[in-house]
Amino acid sequence: MAESEASTVPFVERMPRHPLVWNNHSMAWISDRIAGIVENRAPRWWWISIAVTASFAAFGTFCIFYLLFTGVGVWGNNIPVAWAWDITNFVFWIGIGHAGTLISAILHLCRQKWRTSINRASEAMTLFAVICAAIFPGIHVGRVWMSWFLAPIPNPNWIWPNFRSALMWDVFAVSTYFTVSVLFWYLGLVPDLGTMRDRAKGRVSRAVYWVLSFGWRGGNRQWRHYEMAYLVLAGLSTPLVLSVHSTVSFDFATSVLPGWHTTIFPPYFVAGAIFGGFAMVLTLMLPLRSLFKLEDVFTWDHIDVMCKLVLFTGSIVGYAYSMEFFVAFYGGNPFERFAFINRYFGPYWWASWTMFTCNVIMPQLMWVRAFRRNWAIVFFVSMCANAGMWFERFVIFVISLHRDFLPSAWRMYYPTWVDVFTYIGSLGIFLTLFLLFIRFLPMVAMSEVKAVLPEADPHYHPPPAGPKESVTEVHA
Amino acid sequence: MSAAAALKKPPFAVIAEFSDAAALYAAAEKVRDAGFKFWDVHSPFPIHGMNKAMGLKKSPLGYIIFCGGSVGFLTATLLEFIPSSYLFPLIVHGKPVDFFTVPAFFVMMFELTVLFSAFTAFFGVFIMNRLPRLHHPLFDYEAFSRVTNDAFFLVIESTDPKFSEIETKELLATIGGKDVSLIYEND
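Residues numbered from 1 in each chain as written. Chains lettered and ligands numbered in written order. Predicted model: local features only at pLDDT ≥ 70, side-chain atom pairs only at ≥ 80, totals over all residues.

1. Points about the overall build of chain A
Thought 1: Secondary structure summary: chain A contains 18 helices and zero strands in total.
Thought 2: Over its C-alpha atoms chain A spans a radius of gyration of 24 Å, differing by no more than 12% from the 23 Å that the globule rule assigns to 476 residues.
Thought 3: With the C-alpha coordinates of chain A rotated into their principal frame, the extents come out at 80 × 65 × 40 Å.
Thought 4: Residues counted as buried form 47% of the 476 residues belonging to chain A.
Thought 5: Considering only residue pairs separated by 6 or more positions, chain A has 82% of its internal contacts joining residues 24 or more positions apart. (Helix = DSSP H or I, 4+ residues; strand = E, 2+ residues; numbered from the N terminus. Rg over C-alpha atoms; globule rule 2.2 N^0.38 Å. Buried ≥ 20, exposed ≤ 12 C-beta atoms within 10 Å, placed from the backbone. Contact = placed C-beta atoms within 7 Å.)

What follows is the structure, encoded as structure tokens:
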């Protein structure tokens, strides 16, 4: 009976869409809450956090200078492991940098309106992650003062870079990605900088925000071009975000090394990057939503859907790991087969199994709805993914290299303190930049969140008076 | 601004505030039907369908971006072929240096197309909007500072052929505008 009753009720009423901002907040509330983060005094935890992260960043910078003045020998790299933590860190950070543009571009094209709550912070995270990533290949070249050779500029030696090298493609892919991400991020910021300008009390802050907002007036004749530019940038960034990690994977896939030389690499790297990027967004936003009381903007529905994406991409990664292993067995190449047996059962078995557990098994917890709405479990899974994705790159690069074709050349790799602190230093640089971002710029795209409120619809009619039953109360 | 000072300055526009996006949308349709040309609606966010309500066409920015992207593609093609095939033919892995090397160039062709398009999009949106500018008469109107927060305005400029201080004000009042006021030019 219940079934027939349910079928007469329209679907929309049986499963009403949850509002994207909970508790029927007004537009002014959104401006006050988000701009207030920047306008109020910095909380004490912010000072403590930035003191810690800036110290790590400073020591990491010291390690980089120590490397530059001494030589690459201060790292644990050797022959055959000529690429180790440096490239691991590079690919790790580039991967983290994928979530932001994915959220702003692909989800925009897919009309996923929930993205508005998190796109600004994730895009900022993208930029800072790419900055961290760019450090490593830069210092890995050894003679940093020769790195201008990467640029195709005419020079007296009449030497040009090899445009058919995957490493050259990488230079262009990463620098294009960074530039386009900056432009996309800043275009989204302009209307919000207008809000900051109009709210600013001091003359100096008003002048600064005025210049930064370009004098934005919010007229529809401006929004018309703005929306077109935003749409086109989203359309351009969609293939771009998929191409960057594909190009990074070409660095390895175009080589002839067993464990690297596989056609599965581009999609596998992209899925892993999105997985790791979403995990990092969750890691950063879960504490921030509580600290800044943004629970109604970045709601449990947002966390829920992001957890589903983590589960989905984590499962793709799991499929890729298994398929690599299967192809190594089925392909009949003895070197390939050895590389994969060595990966999971050789001296670095613990790294591979950490990777597999963190990236494939742990995300499976996200099948359970109660787990997706549990602060501690979501945070734990996202931290697992962060660690697991770092280990994935370690596994691919170091394990594939350390036992190459000639057993006489086999050698273990051990990181030095410079390796470790350069990596921790890059984490410090990333978090310091992120803390500065949330202090000086609105961390949620106010104009975009306002645009997804029900009353932003020009055909919206306020519901008839009566006891308002909020869908949000069910979850709150 | 004192009344005496205001008298010296020519009027810039008439402004009216509307309560929400729906009211602004309805008002825009009426102003469009009244045949005004130089007018605009201001809102904290882009309102869906407002271009239609204002009788505006799709932004031509997309075509400009296409041109920018084509320049990027051409730049990449020349940047790769001229050095690799003519200036410094580097034979690696025994691969050709002529036209048949083109698959290896696809990545950078794509990247530069995207890069140039993105620059065109970013600068195009501001050039077409005549931005940046350091001041605008609208900012002299006290209430206008709420446009980036939660206020909705409709502005009809004095350059419009149908503009008349009294009748335009009356029109905005009859279609539901509140606090209809006259704004003067800066200087």
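Now that the structure has been shown, the text picks up again.
2. Overview of the packing of helix H11 (residues 265-291) of chain A against helix H16 (residues 375-402) of chain A
Working note: a packed helix pair is described by the angle between its axes plus the distance between those axes.
Residue and element names in this part refer to chain A.
Thought 1: Running from N to C, H11 and H16 cross one another at 140°; their axes reach a closest spacing of 8 Å. If you check the angle between H11 and H16, you find them oblique. Two packed elements cross with a definite hand, and for H11 against H16 that hand is left-handed. The segment H11 lies against H16, with Gly272, Phe275, Gly276, Ala279, Met280, Leu282, Thr283 and Leu286 engaging Trp375, Val378, Phe379, Ser382, Met383, Ala385, Asn386, Met389 and Glu392. (Axes fitted to C-alpha atoms, helices over the stretch in contact; angles between N-to-C directions. Parallel < 35°, antiparallel > 145°, perpendicular 65-115°, else oblique. Left-handed = near helix turned anticlockwise from the far one by under 90°.)

3. Quick word on the interface of chain B and chain A
Thought 1: Residue-level contacts link 60 residues of chain B with 55 residues of chain A.
Thought 2: Listed by contribution, the elements that provide at least two residues to the side of chain B that touches chain A are helix H2 (21-33), strand E2 (39-42), helix H3 (50-54), helix H4 (61-87) and helix H5 (106-128) of chain B.
Thought 3: Looking at which element gives the most residues to the side of chain B that touches chain A, the answer is H5 of chain B, with 14 residues.
Thought 4: Counted by class, the side of chain B that touches chain A contains 37 nonpolar, 16 polar and seven charged residues. (Nonpolar A, V, L, I, M, F, W, Y, C, P; charged D, E, K, R; others polar.)

4. Some details on the nonpolar core
Thought 1: The biggest cluster of nonpolar side chains holds 146 residues, and the ones touching the most others in it are Ala229, Phe278, Val281 and Val310 of chain A.
Thought 2: Setting aside residues up to four positions removed in sequence, Phe278 of chain A forms contacts with Ala99, Met306, Leu309, Val310 and Thr313 of chain A. (Core = buried A, V, L, I, M, F, W, Y, C linked by C-beta atoms within 7 Å.)

5. Quick word on the packing of H11 of chain A against helix H12 (residues 300-330) of chain A
Residues and elements named next belong to chain A.
Thought 1: Where H11 contacts H12, the two axes come as close as 8 Å, and the packing angle between them is 145°. The hand of the H11/H12 crossing is left-handed. The residues of H12 that touch H11, namely those facing Tyr268, Ala271, Gly272, Ile274, Phe275, Phe278, Ala279, Val281 and Leu282, are Met306, Leu309, Val310, Thr313, Gly314, Ile316, Val317 and Ala320.

6. Some thoughts on the pairing of strand E3 (residues 152-157) of chain B
Residue and element names in this part refer to chain B.
Thought 1: Counting buried positions along E3 gives five out of six residues, so the element sits mostly inside the fold.
Thought 2: Two strands pair when backbone bridges link them, and strand E1 (residues 11-18) and E3 are joined in this way by six bridges, in the antiparallel orientation. Paired with Ala16 across the bridge in E3 is Leu154.
Thought 3: Here E2 runs beside E3; their pairing, made up of four bridges, is antiparallel. From the neighbouring strand, His42 faces E3, where its bridge partner is Phe153. (Pairing = 2+ DSSP bridges.)

7. A word on the confidence of the model for chain B
For residues with low pLDDT, the predicted coordinates do not support detailed interpretation.
All names here are of chain B.
Thought 1: Per-residue pLDDT for chain B has a mean of 90; in total, 95% of the residues score no lower than 70.
Thought 2: Predicted confidence in chain B is weakest over helix H1 (residues 3-8), with a mean pLDDT of 58, and strongest over H5, with 95.
Thought 3: For this predicted complex, the interface confidence reaches an ipTM of 0.92, while the overall pTM sits at 0.92. (pLDDT = per-residue confidence, 0-100.)

8. As for the sheet that holds E1 of chain B
Residue and element names in this part refer to chain B.
Thought 1: One open sheet accounts for four strands, arranged E2-E3-E1-E4; its pairing is antiparallel. Either end of the sheet is taken by a strand with one partner, and the two such strands are E2 and strand E4 (178-184). Direction aside, neighbouring strands of the sheet carry axes that sit 20° apart on average.
Thought 2: Sitting on the sheet, H2 is in contact with E1, E2 and E3, with an inclination near 20° to E3.
Thought 3: Contacting E1, E3 and E4, helix H6 (residues 165-174) runs over the sheet at an angle of about 10° to E1.

9. What to know about H2 of chain B
All names here are of chain B.
Thought 1: Here H2 is 13 residues long and its end C-alpha atoms lie 18 Å apart, about the 18 Å a rise of 1.5 Å per residue gives.
Thought 2: For H2, the complete set of buried residues consists of Ala21, Leu24, Tyr25, Ala27, Ala28 and Val31. Within H2, the buried residues cover an arc of 170° as seen down the axis, which keeps them to one side.
Thought 3: Looking at the buried side of H2, the elements it contacts are E1, E2, H3 and E3. (Expected span 1.5 Å × (residues − 1). Arc of directions from axis to C-beta.)

10. Quick notes on the pairing of E1 of chain B
All names here are of chain B.
Thought 1: For E1, the tally of buried residues reaches seven of eight residues, placing the bulk of the element in the interior.
Thought 2: Where E1 and E4 come together, five bridges link them in antiparallel fashion. Residue pairing across strands places Ile15 opposite Ser181, the latter belonging to E4.

11. Points about the environment of Arg33 of chain A
Thought 1: Among the secondary structure elements, Arg33 of chain A is positioned in helix H3 (residues 27-39).
Thought 2: The spacing of Arg33 of chain A and Val297 of chain A is 264 residues in sequence and 9.8 Å in space, taken between C-alpha atoms.

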